[in-house]
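What follows is each chain in one-letter form.
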Number of protein chains: 4
Amino acid sequence: MGARAAVAGASGYAGGELLRLLLGHPEIEIGALTAGASAGTTLGEHQPHLPELAGRVLLDTTPEALAGHDLVFLALPHGQSAAVAESIGDSALVVDCGADFRLADPAAWAEFYGGEHAGTWPYGLPELPGQREVLRGARRIAVPGCYPTAVTLALFPAFAAGLAAPEVVVVAASGTSGAGRAPKPHLLGSEVMGSVSAYGVGGVHRHTPEMEQNLSAVAGAPVSVSFTPTLAPMSRGILATCTAPALPGVTAAAVREAYEAAVAGEPFLRLLPEGRWPATAMTYGANTAVLQVALDERARRIVAVIAIDNLTKGTAGGAIQSANLALGLPETLGLPVNGVAP
Amino acid sequence: MGARAAVAGASGYAGGELLRLLLGHPEIEIGALTAGASAGTTLGEHQPHLPELAGRVLLDTTPEALAGHDLVFLALPHGQSAAVAESIGDSALVVDCGADFRLADPAAWAEFYGGEHAGTWPYGLPELPGQREVLRGARRIAVPGCYPTAVTLALFPAFAAGLAAPEVVVVAASGTSGAGRAPKPHLLGSEVMGSVSAYGVGGVHRHTPEMEQNLSAVAGAPVSVSFTPTLAPMSRGILATCTAPALPGVTAAAVREAYEAAVAGEPFLRLLPEGRWPATAMTYGANTAVLQVALDERARRIVAVIAIDNLTKGTAGGAIQSANLALGLPETLGLPVNGVAP
Amino acid sequence: MGARAAVAGASGYAGGELLRLLLGHPEIEIGALTAGASAGTTLGEHQPHLPELAGRVLLDTTPEALAGHDLVFLALPHGQSAAVAESIGDSALVVDCGADFRLADPAAWAEFYGGEHAGTWPYGLPELPGQREVLRGARRIAVPGCYPTAVTLALFPAFAAGLAAPEVVVVAASGTSGAGRAPKPHLLGSEVMGSVSAYGVGGVHRHTPEMEQNLSAVAGAPVSVSFTPTLAPMSRGILATCTAPALPGVTAAAVREAYEAAVAGEPFLRLLPEGRWPATAMTYGANTAVLQVALDERARRIVAVIAIDNLTKGTAGGAIQSANLALGLPETLGLPVNGVAP
Amino acid sequence: MGARAAVAGASGYAGGELLRLLLGHPEIEIGALTAGASAGTTLGEHQPHLPELAGRVLLDTTPEALAGHDLVFLALPHGQSAAVAESIGDSALVVDCGADFRLADPAAWAEFYGGEHAGTWPYGLPELPGQREVLRGARRIAVPGCYPTAVTLALFPAFAAGLAAPEVVVVAASGTSGAGRAPKPHLLGSEVMGSVSAYGVGGVHRHTPEMEQNLSAVAGAPVSVSFTPTLAPMSRGILATCTAPALPGVTAAAVREAYEAAVAGEPFLRLLPEGRWPATAMTYGANTAVLQVALDERARRIVAVIAIDNLTKGTAGGAIQSANLALGLPETLGLPVNGVAP
């Protein structure tokens, strides 16, 4: 075993998914598991689907608990990562699944999150042009948000190829695990089963500036995103419908070609054959993003649809993919390409 | 009892919902029930949730079976309504839940449905400006499609008030009952549970020209719609996210005011208090459309979100609402405003 | 309008269902709505599916708020009903949806609920032999638990006809609304979707002595019940599989005959045609119980399966049915026989 | 790679799960994939969650297609296995996921399946006492049915320890994938979502004699099973509640001890800590069976509850577990112990 990893926030959904994947990773050994209010309990009470770790006791999330690891995954509530990360020396790789270090622009941070900006870490989306070089050997990684992962992967081919105008409209459906494990009335099964609902409408969702940051970097010019998230009656999965105006003269063939080029050689991007469309079930438990794209000739918009598992490619799988690069391991190590269905 | 109604297509989902509502309608009596392949069986085998009609035998859909009624509801597969309607004299009211008579433009019909255009009937969406006058006393009614019902109700206030530019982008999630009752592999429970999927992407869904027709009429100028439907793991309900660019100078207050004015006095339109967002569960089994709207100041788009029950307001309830007008009855008779939740 | 009703506990699921049904009741007017922690908010924040009452403000549950009504429904957490009921004079009808007054045996109360037994009120299950006479004119009614409603209705025909031995085994699946609206981690959508789980196994569920009480009364001798509840991924509905050994010589025909006799004339009991089996979807939002029965000739057990809506027939609908009797109204007034499906 | 495996019936749910697991198996290589009506199409059209095999073309299920493999998995509709198996020489291992070779008693076959009994193969449930010896080196394996897998694993400890009387009552909830992929109206998402239903009630389900066969063998005396299956709104999973009368004098401690002894050393059996109960979500995609047991002191019944994934431990995982034994490989090779949750 090469590296020993601690997981801070092991009792939540992101933490559970990190552990599920790490249990199958041939080069990473699981070290300390920490939690907040659940410290002192066993992991089996929180992650009963992981019998191999059922007896492990959760420690408090302290510098001592996290010390002595080659690798620390942070799956903490927003705003807690910076303090924890500070105590971890630069010799260890720290991979933060939270939002604290994703944004480069302090003004965007202030507008959407409030308070002081903690800083900016290398952004853990290896599929972005040039990003693998940034991640190789990195000691700090900011894992992208689940929605920005989906939206960026769906539209970067169009912007990289210069096919789209910068007025993006995105509507995405997410499973409820994206809202976390803290019990809230609107997340009760009785409320979410049989119902799709909207939230964070009108440009106020915190993932919006992250999408704009990514797409603007690819486009080389400011891209605006109108983003509407919705909650769907499923535990996992994001299906994002991402549209942008096609520039004059752009053809369906050019769009197809750009997407085929963009996914070529990418181990976790899959463009479906023409005429077939993504479903989140295709990606359940997998680190794969399934894409399709069309040119709406009437409305002259490029419509890209993407499915990911919000906990795998959208969080824990993406985190491990970037960690593999940082550790000098094969990028795909320990990451399932195939999903669980039906 | 004033009127006696036949229901053609009583074994399907739209037919079942018509019967559920008609059973609670104080001025409409249920007459003949007809079906295609299920003729000769009892309704109880197909609609076991309607014990009051369990013993009723389904007749073949013939002119004889439908004759002698004041009112005939057609809930037939696409393309079958015209032939059936022809046999029904003008003294009876015919309400078609199918697509055959919704479009005014034969070219749009040819492009999206193919074949010859059957004609155009009065369009059964009473909330459209001026439409109640059209429907009062009508003898033929084309019930709108479920998606066009949702999208038109969500955006007509913005276009009626001159607030929006005509480049509309809509992404909608529908429950599976919208796809009907014919068994197809992709509609199996094993496939749809736990999964959101896209279909009919790229401007090819047949409801697209109907949306454009409605919104263009309100705007007084051509409106284009980029429409993407998705299938969500629920039996009923549509949540449509409908966006259009805000015209220069439009303010959030102006948008709110336009929507408040549009729903004022409307028995089945409900604008939520600010800060709250629609969920399809709010409308389960009800003829109510629940709306909310915001102005995305960053992206300068009006974002209207609407929830309806696709089988009630989106099909059978809308049909009865228009039929009430045509028959000279109170518009709301027999139609539930309150839903069933959780 | 004959009677004016207060609803204590209007923000919960039972309270919401009471209000949904009362809105359609022609002889009961809705008076005060009260709540605990939600007092001071509007009903629309808690029951957004009931637009007709959206603006009503919730009062504190005090004697003053509940005074001056002909009828008070209590939908309160376990143990709170007795104190509230005391303040309500005998001229008003009090219908308690909680457990406080269901059990006749103080020892059973002490074993399963603990603490002092509050007393015993007329038991609100009109279908039990002789029970309608008890309920007519009653001023206090204890609404049965949802599981005991299902199990008693499923097996009383067998015991009334003397066909079954008294060792009952029941396994029931319930929708999550039966567990209430207080947010708990195991009731989160992420946990319950896609999963069936057991709980309260081994004879410890509080509804067990209530089932035994009811069936023993019908049998005229002690009946023991081995009861296992499970939680299913749906908001509403109970499907209970209820089995008892068939006495020697009992035939399938005798069993069928007993059940046909038991449901004859019962407005809310429906025995399916032979060969068809209940589904909870048949009863969604309806006060109907759907039954089927078979004799397992190999194992010599009577197997009765019943579906009800736990919030309707299992709580609020059952409460109104009994209240109708107590108020001298037609038993079925305001209660839907037909469900909402699919 | 040691062995090369063909999968007959690769387009169905059992076939898909076999392939998902085989893709992660270090000693089995995937050879020919065959199908019935889907022959000639690619696997990607049927199993879009398995991108690594998306381009593989499905062959007709013929002797030629299956020849030349070390190992053939049959995931065929009931009744087709015998003919296919005949063409496969004894040098290859044939693992049949169908029912054809499960029953030892031709009379039970005739009663429940009809027609001529094809024969009896070594029964693929390694956890049964003595069964590992039978399976080591076997050339033919009959994979148990999904329900019998669950019920046998839940109750064999009680019968092996002589604690239970032989009158078993079982009620089990299954996800819809257990009903297969052929589109039928009652399996539509619109029908199954939000609904639990019963079927095959009264001792007529074909898995009943298989349960009796297994438990009788363990008990050394005839055991009767009253079995009621139900369909739950989830794609995967079985939760079976299995009860039997406790023999006089049996204590809760004795029951616990028997179950602890039975699971000791078993790689895929997990007895939960006392007070916790199985949920199917704990086993999603895993080959693990999660158990709990209680003694109902009032009703004097042993109540064992078990959760499995019907497609993994209940079909494909169980098949590979037995195949590992037959091939002389470690029993657990390629089989996930941990599930995917939430």
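Residues numbered from 1 in each chain as written. Chains lettered and ligands numbered in written order. Predicted model: local features only at pLDDT ≥ 70, side-chain atom pairs only at ≥ 80, totals over all residues. Heavy atoms only, no water.

- In the nomenclature of an unreviewed UniProt entry, chain A is known as N-acetyl-gamma-glutamyl-phosphate reductase of Thermocatellispora tengchongensis.
- As its UniProt record puts it under Catalytic activity (unreviewed entry), chain A is described as follows: "N-acetyl-L-glutamate 5-semialdehyde + phosphate + NADP(+) = N-acetyl-L-glutamyl 5-phosphate + NADPH + H(+)".
- Listed in UniProt under the heading Sequence similarities (unreviewed entry), the comment for chain A reads: "Belongs to the NAGSA dehydrogenase family. Type 1 subfamily." (UniProt positions renumbered as here; feature names shortened; annotations may be inferred.)

### A few points about the pairing of strand β9 (residues 224-231) of chain C
Look at any regular strand and the pattern is simple: side chains alternate between the two faces of the sheet.
Residue and element names in this part refer to chain C.
Logical step 1: In terms of residue burial, β9 counts as a mostly covered element, since seven of its eight residues are buried.
Logical step 2: In terms of strand pairing, strand β7 (residues 167-174) meets β9 through eight bridges, oriented parallel. The partner of Val 168 across the bridge, within β9, is Val 225.
Logical step 3: Two elements, strand β8 (residues 197-198) and β9, share two bridges in a ladder whose sense is antiparallel. Along β9, the bridge assignment pairs Ala 198 with Thr 230. (Buried < 20%, exposed > 50% of the residue type's maximum accessible area, 1.4 Å probe, protein only. Helix = DSSP H or I, 4+ residues; strand = E, 2+ residues; numbered from the N terminus. Pairing = 2+ DSSP bridges.)

### Things to note about the interface of chain B and chain A
Logical step 1: If you look at the interface, chain B gives 45 residues, while chain A gives 45 residues.
Logical step 2: Carbon and sulfur atoms supply 63% of the area that chain B and chain A bury against each other, a total of about 3300 Å² over both sides.
Logical step 3: It is Val 196, Val 201 and Arg 298 of chain B in chain B that bury the most area against chain A; as a group they hold 19% of the surface buried on that side.
Logical step 4: In this structure, the connection of chain B to chain A is made through four salt bridges.
Logical step 5: Between Arg 298 of chain A and Glu 212 of chain B there is a salt bridge, with the nearest N and O atoms lying 2.1 Å from each other.
Logical step 6: Elements supplying a minimum of two residues to the side of chain B that touches chain A: α4 (106-112), β7 (167-174), β8 (197-198), α8 (208-219), β9 (224-231), β10 (238-245), β12 (289-296) and β13 (301-308) of chain B.
Logical step 7: Tallying contributions element by element places β9 of chain B first for the side of chain B that touches chain A, with six residues.
Logical step 8: Here the residues of the side of chain B that touches chain A sort into 24 nonpolar, 14 polar and seven charged. (Contact = heavy atoms within 4.5 Å. Buried area = accessible area lost by both parts, 1.4 Å probe. Salt bridge = Lys/Arg side-chain N within 4 Å of Asp/Glu carboxyl O. Nonpolar A, V, L, I, M, F, W, Y, C, P; charged D, E, K, R; others polar.)

### Some remarks on the relation of the copies chain D and chain C
A rotation about some axis, followed by a shift along it, carries one copy of the chain onto the other.
Logical step 1: Mapping chain D onto chain C calls for a screw motion: a turn of 180 degrees about the axis and a shift of 0.0 Å along it, with 0.0 Å RMSD after fitting. Taken together, the rotation angle and the small translation identify this as a two-fold axis.
Logical step 2: The fraction of interface residues of chain D whose copies in chain C are also interface residues reaches 100%, indicating that both copies meet through the same surface. (Least-squares fit on C-alpha atoms with pLDDT ≥ 70 in both.)

### Quick look at the environment of Pro 166 of chain A
Residue and element names in this part refer to chain A.
Logical step 1: Here Pro 166 lies in the loop between α6 (146-160) and β7 (167-174).
Logical step 2: Taking the relative accessible area as the measure of exposure, Pro 166 reaches 31% and is therefore partly exposed.
Logical step 3: Each residue touching Pro 166, except ones within four places of it in the same chain, is listed here: Phe 159, Pro 222, Val 223 and Ser 224.

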